[in-house]
Amino acid sequence: MKIGVMGAGALGGFFGGRLAADGHEVWMIARGAHLAAMKAQGLRILSPKGDAVLPNVLATDDPAEVGPCDVILFMVKNGDVETAAAAIRPMIGPDTLIVTCQNGISAWERLGAIVGPGHVVPGVARTPGEIAEPGVIRHTAMLDRLIFGEVDGNPSDRCRRLAEAMAASGTTPIVSDNIMHELWSKFVGQSALASMTTLTRMDIGPLRENPVSARLFYDATAEAYHVGRAAVPDLPESVIAENWDFVEKLPYDMHASMLDDLNRGKPLEHEYLSGDVVRLGEKFGVPTPIHSVLYAALKPMADRLAAGSA
Ligand SMILES: NC(=O)C1=CN([C@@H]2O[C@H](COP(=O)(O)OP(=O)(O)OC[C@H]3O[C@@H](n4cnc5c(N)ncnc54)[C@H](OP(=O)(O)O)[C@@H]3O)[C@@H](O)[C@H]2O)C=CC1
Ligand SMILES: CC(C)(CO)C(=O)C(=O)O
């Protein structure tokens, strides 16, 4: 399979690297020091599920060099979705499947508006990772799930083929028949997790073991659920408990990728998490007192980082 990874960072480098190690033609689209390192030394994955060393990877910043792909793993941050979507046009053929992974609920539609909605299959990543240093991806827990599925819920050959290739490469693809529920379910939990860990600059462990912060964390999750329920009326209430269970099982010293972004001086995905909880709450008439505080408290730092001046 010919696979293009737009944004071969924490997630793209991880999933794309596994597929490359399994023999697929995988093109890593990246930039800056990470691209230079991949070109010079290849890619290394450090993972509790097994390390991988790929001394030679196909890496470029020029989608025209890549040409049409069978699959594009679209794995840039939310703030880069529009520019990256425009950039991948040379990689899109009539049958190219493009799978997303962004936290939040809007990336797949914003991408589809630029490349054509028929190419896009929304995805949800439950896979923690980071660029440890240029050319090196650190996968930080046993979780390596990429959940994706057609918007209409029907099975498709294109999703099945990608899932088979990913599973053979050693990661955990899940083809969902209700990807909207998956997207919203993650949004409900991730908006609380990202804002709580980023605002406090603390890992999940101390936040969930202190009863006062745990209460706030849980209530923020429940609040986001009520917004989700207004947008997607059949979103089951079990989403709250499922997300809390997920938080309780995460490693003690883990935090949201948004805190990594803060620590590296990178733009935050804040507007797509608590920001969207607040805006959607206003739209649907659902009160969001907790996310409003989390959002407002993080806003000055998020704006500074977005302007590149933190
Ligand atoms: N990391 C995690 O643990 C998880 C992340 N996610 C979601 O996945 C998405 C991706 O996150 P993550 O993998 O951490 O992101 P990373 O920043 O690690 O990787 C994205 C890479 O894409 C590069 N990039 C962006 N735009 C372009 C472009 N136009 N051309 C070439 N390269 C480009 C970035 O470069 P540069 O650094 O220069 O911007 C960066 O190297 C996010 O939306 C996040 O919410 C979901 C679950 C877990
Ligand atoms: C919590 C985690 C690491 C789980 O996949 C995540 O999705 C993120 O922080 O972006």
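Residues numbered from 1 in each chain as written. Chains lettered and ligands numbered in written order. Predicted model: local features only at pLDDT ≥ 70, side-chain atom pairs only at ≥ 80, totals over all residues. Heavy atoms only, no water.

The name an unreviewed UniProt entry assigns to the protein chain is 2-dehydropantoate 2-reductase, from the organism Pseudooceanicola nanhaiensis. UniProt, in the comment section headed Catalytic activity (unreviewed entry), describes the protein chain in these words: "(R)-pantoate + NADP(+) = 2-dehydropantoate + NADPH + H(+)". UniProt lists a comment for the protein chain under the heading Pathway (unreviewed entry), and it reads "Cofactor biosynthesis; (R)-pantothenate biosynthesis; (R)-pantoate from 3-methyl-2-oxobutanoate: step 2/2." (UniProt positions renumbered as here; feature names shortened; annotations may be inferred.)

Caption draft 1: View of the overall build of the protein chain. When helices and strands are tallied, the protein chain shows 13 helices and 13 strands. A compact globule built from 310 residues would reach a C-alpha radius of gyration of about 19 Å, and the protein chain, at 19 Å, matches this within 12%. Counting the 310 residues in the protein chain, one finds 56% classified as buried. Of the contacts formed within the protein chain by residues at least 6 apart in sequence, a portion of 71% connects residues at least 24 apart. When the accessible area of the protein chain is evaluated, it comes to approximately 12900 Å², of which 54% is carbon and sulfur surface. Each charge class in the protein chain was averaged separately, 27 positive and 37 negative side chains, and the resulting centres sit 3 Å apart. (Helix = DSSP H or I, 4+ residues; strand = E, 2+ residues; numbered from the N terminus. Rg over C-alpha atoms; globule rule 2.2 N^0.38 Å. Buried < 20%, exposed > 50% of the residue type's maximum accessible area, 1.4 Å probe, protein only. Contact = heavy atoms within 4.5 Å. Areas by Shrake-Rupley, 256 points an atom, 1.4 Å probe, with all protein chains shown as cover. Lys, Arg positive; Asp, Glu negative; His and termini not counted. Charge placed at Lys NZ, Arg CZ, Asp CG, Glu CD.)

Caption draft 2: The site of ligand 1, seen in detail. Around ligand 1, the surrounding shell holds 24 residues, and the nearest of these are Ala10, Arg31, Asn103, Lys266 and Glu269. Here an oxygen atom of ligand 1 sits 2.9 Å away from a polar atom, N or O, in the main chain of Ala10. Taking Glu269, its side chain carries an N or O atom lying 2.5 Å from an oxygen atom of ligand 1. With the chains in place, 87% of the 890 Å² that ligand 1 exposes on its own is no longer accessible. (Near = heavy atom within 4 Å. Polar contact = N/O pair within 3.5 Å; in protein donor to acceptor, adjacent residues only side chain to side chain.)

Caption draft 3: Focus on the pattern of salt bridges. Enumeration according to the criterion identifies 15 salt bridges in this entry. The partner of Asp276 in a salt bridge is Arg279, and the shortest N-O contact between them spans 3.2 Å. One end of the pair is Asp276 and the other is Arg279, both in helix H12 (residues 274-284) and 3 residues apart, which spans about a single turn. Judged by relative accessible area, which is 36%, Arg279 ranks as partly exposed. (Salt bridge = Lys/Arg side-chain N within 4 Å of Asp/Glu carboxyl O.)

Caption draft 4: Representation of the UniProt feature "domain: Ketopantoate reductase N-terminal" (unreviewed entry) in the protein chain in the model. In the numbering used here, UniProt assigns the "domain: Ketopantoate reductase N-terminal" (unreviewed entry) feature to residues 3-152. Summarising residues 3-152: 28% helix, 35% strand, and an end-to-end C-alpha distance of 24 Å.

Caption draft 5: Focus on the site of ligand 2. The full set of residues close to ligand 2 is Asn103, Ala125, Arg126, Thr127, Pro128, Lys186, Gln190, Leu193, Phe246, Met254, Ala256 and Ser257. The contact in question runs from an oxygen atom of ligand 2 to an N or O atom on the side chain of Asn103, over 2.8 Å. Take Gln190: an N or O atom from its side chain is 2.9 Å from an oxygen atom of ligand 2. Its free accessible area being 280 Å², ligand 2 has 94% of it covered by the protein chains. Looking at the shell around ligand 2 element by element, the count peaks at 3 residues for helix H7 (residues 179-200). Residues that form the shell around ligand 2 fall into these classes: 6 nonpolar, 4 polar and 2 charged. Residue assignment places the shell around ligand 2 across two domains, with domain 1 (2-177) and domain 2 (180-306) each supplying three or more. (Nonpolar A, V, L, I, M, F, W, Y, C, P; charged D, E, K, R; others polar. Domains from an automatic or database assignment.)

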